[in-house]
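Examination of the molecular architecture
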Amino acid sequence: MADLSVSYLGLKLKNPIIAASSGLTASEKGVKRAIDAGAGAVVLKSLFEEQLRAELRPAGDSPFAHPEAEAYLAGMGMNEGSDDYLSLVESARKDGRAAVIASVNCTGSDFWVDFAKRIESAGADALELNMGYLSVDTAETAKAIEDTLVTLTGEVAKAVRLPVAVKLGVGYTSPGNLAHRLAKAGAKSAVLFNRFYRMDVDLDAMSLSAGPTRSSPEQYHESLRWIALLEGRTGLELCASGGVYDGATALKLIAAGASAVQICSAMYAKGYEVLGTILDEMKTWMDSRKVGSLTELKGRLARRNSDNPELYGRLHYVRALTGQG
């Protein structure tokens, strides 16, 4: 029988399948269902910076980065979120069958250092910084944005003993350089990639509307590319996220160099039970190929282990465009 155990963020996981941060991991019941289905770890639903700001500062005390978001959350009664969140960490951790990774969705705040310490005290096994930053200021430079992410990561990493993962969006000019900087700041892992809110337009109402909220099975390719390019070259472990619906895709990402694989949209589409299905598919493939453990597979198709590293750059692109791919 294939051994699916892995090490991620210094944690020994029974398998690499992680239930990603979402509404499905926002309650003790949801966490239990993910673990019952086979998850090796669970990332709790993110606590948003706006929730913590609204809770810890009185209205009008200082200009907020996202006042509309804070007002919206406060109106929903969500500005008491931190105590509830810490209670969720404590209750999830008591289960004991899977690692519990707390998640905060932030762009930069003095509050996060103190809150990270409270998360650590509540018993979380690790902390994921969900860097959901969208720049709308045309004067803001790429360097300024990356400096903010690196500074925040460094401050949190220094404040806690928890291993820190950083979940990044796909839009950075040089993900490898940013990963290097995050590693130096104290991060242990990069999760590739974050899926940001997508916008659409309702022409009849002439108003904004929500775009697709879930990834499709074709969307793992960008994560695959960058994991294969960066594995073993940045000082960070790499965790895959986006478009993973089956065991074959999970195995591809591990072969590219991922230490673990996060699942979200597939759970929404097929239920928590899809985690067990993915694990069974992985075991079946490994047993049929006599692959004894994921250690044998991990990184075999990463660029640094290839005799033809040029295949990971422009060569396939040129071949495709010239009809020879």
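Structure first, text after, so check above.
Residues numbered from 1 in each chain as written. Predicted model: local features only at pLDDT ≥ 70, side-chain atom pairs only at ≥ 80, totals over all residues. Heavy atoms only, no water.

**Comments concerning the packing of helix 8 (residues 221–230) against helix 9 (residues 247–256)**
Rules: Whenever a helix is involved, its axis is fitted only over the stretch in contact; in every case the axis is a line through C-alpha atoms, and angles between N-to-C directions fall within 0 to 180 degrees. Comment: elements are numbered from the N terminus, with helices defined as DSSP H or I runs of at least four residues and strands as E runs of at least two. Each angle is binned into one of four classes, with values under 35 degrees roughly parallel, values over 145 roughly antiparallel, values of 65 to 115 roughly perpendicular, and all other values oblique. Should any heavy atoms of two residues lie within 4.5 Å, those residues are considered in contact. As a working rule, the residues Ala, Val, Leu, Ile, Met, Phe, Trp, Tyr, Cys and Pro are called nonpolar, Asp, Glu, Lys and Arg charged, and the rest polar, with Gly in that last group.
The geometry of helix 8 relative to helix 9 is characterised by a closest axis approach of 8 Å and an angle of 25 degrees between their N-to-C directions. For the element pair helix 8 / helix 9, the angle class is roughly parallel. Residues Ser223, Leu224, Ile227 and Ala228 of helix 8 touch helix 9, and the partners they reach there are Lys252, Leu253 and Ala256. For the contact of helix 8 with helix 9, the residue count by class is 5 nonpolar, 1 polar and 1 charged.

**Topic: the nonpolar core**
Applied cut-off: As used in this record, nonpolar core signifies buried Ala, Val, Leu, Ile, Met, Phe, Trp, Tyr and Cys residues forming a set joined through side-chain atoms within 4.5 Å. Each residue gets one of three labels from its accessible area relative to the maximum for its type: buried under 20%, exposed over 50%, partly exposed in between, using a 1.4 Å probe on protein chains only.
One finds Tyr8, Ile119 and Leu275 to be the most contacted residues of the largest nonpolar core, which totals 97 residues. Once you skip the residues sitting within four places of it in the chain, Leu275 turns out to touch Ile17, Ala19, Ala34, Ala37, Ala39, Ile263 and Met267.

**Describing the pattern of salt bridges**
Our working rule: Here, a salt bridge means any Lys or Arg side-chain nitrogen found within 4 Å of an Asp or Glu carboxyl oxygen.
One pass over the full model with this rule turns up 11 salt bridges. A salt bridge links Arg97 to Asp36, with the shortest nitrogen-to-oxygen separation between them at 2.7 Å. Separated by 61 residues along the polypeptide, Arg97 in the loop between helix 4 (81–95) and strand 6 (99–105) and Asp36 in helix 1 (residues 28–36) bring together distant segments of the chain. A relative accessible area of 43% means that Asp36 is categorised as partly exposed. Notably, a salt bridge pairs Asp147 with Lys143, separated by 2.8 Å at the nearest N-O pair. You can see Asp147 and its partner Lys143 sitting in helix 6 (residues 142–159), 4 residues apart, about one turn around the helix. It is possible to trace a salt-bridge network through shared partners that takes in Lys32, Asp36, Asp95 and Arg97.

**Quick look at a nonpolar patch on the surface**
The condition that has to hold: Within this analysis, patches are made of residues with over 30% relative accessible area and no salt bridge. Like charges are joined at 9 Å or less; nonpolar side chains (Val, Leu, Ile, Met, Phe, Trp, Tyr) at 5 Å or less. Working definition of accessibility: Shrake-Rupley area with a 1.4 Å probe, residue cover restricted to the visible protein chains.
On the surface, a nonpolar cluster with roughly 600 Å² of combined accessible area is contributed by Met199, Val201, Leu203, Met206 and Leu208. Assignment of secondary structure puts Val201 in strand 10 (residues 199–202). Judged by its relative accessible area of 42%, Val201 falls in the partly exposed class.

**Overview of empty space enclosed by the protein**
Selection criterion: Cavities and pockets are defined on a 1 Å grid built over the protein atoms alone: a cavity is a set of grid points where a 1.4 Å probe fits but cannot escape, while a pocket is an open set with protein on both sides within 12 Å along at least five of seven lines, and lining residues are those with an atom within 4 Å of any such point. Grid points are joined across faces, edges and corners, and a volume is the space filled by probe spheres set on the points.
Within the structure shown, the criterion is met by 1 cavity of 30 Å³ or more. Looking at the largest cavity, its volume works out to about 30 Å³. Around the largest cavity, the lining residues are Leu168, Pro175, Ala179, Ala190, Leu192, Leu230 and Leu238. Elements represented by at least two residues in the lining of the largest cavity include exactly helix 7 (175–185) and strand 9 (189–192). Residues belonging to the lining of the largest cavity are distributed by class as follows: 7 nonpolar, no polar and no charged.

On their own, these measurements won't tell you what the molecule is for.
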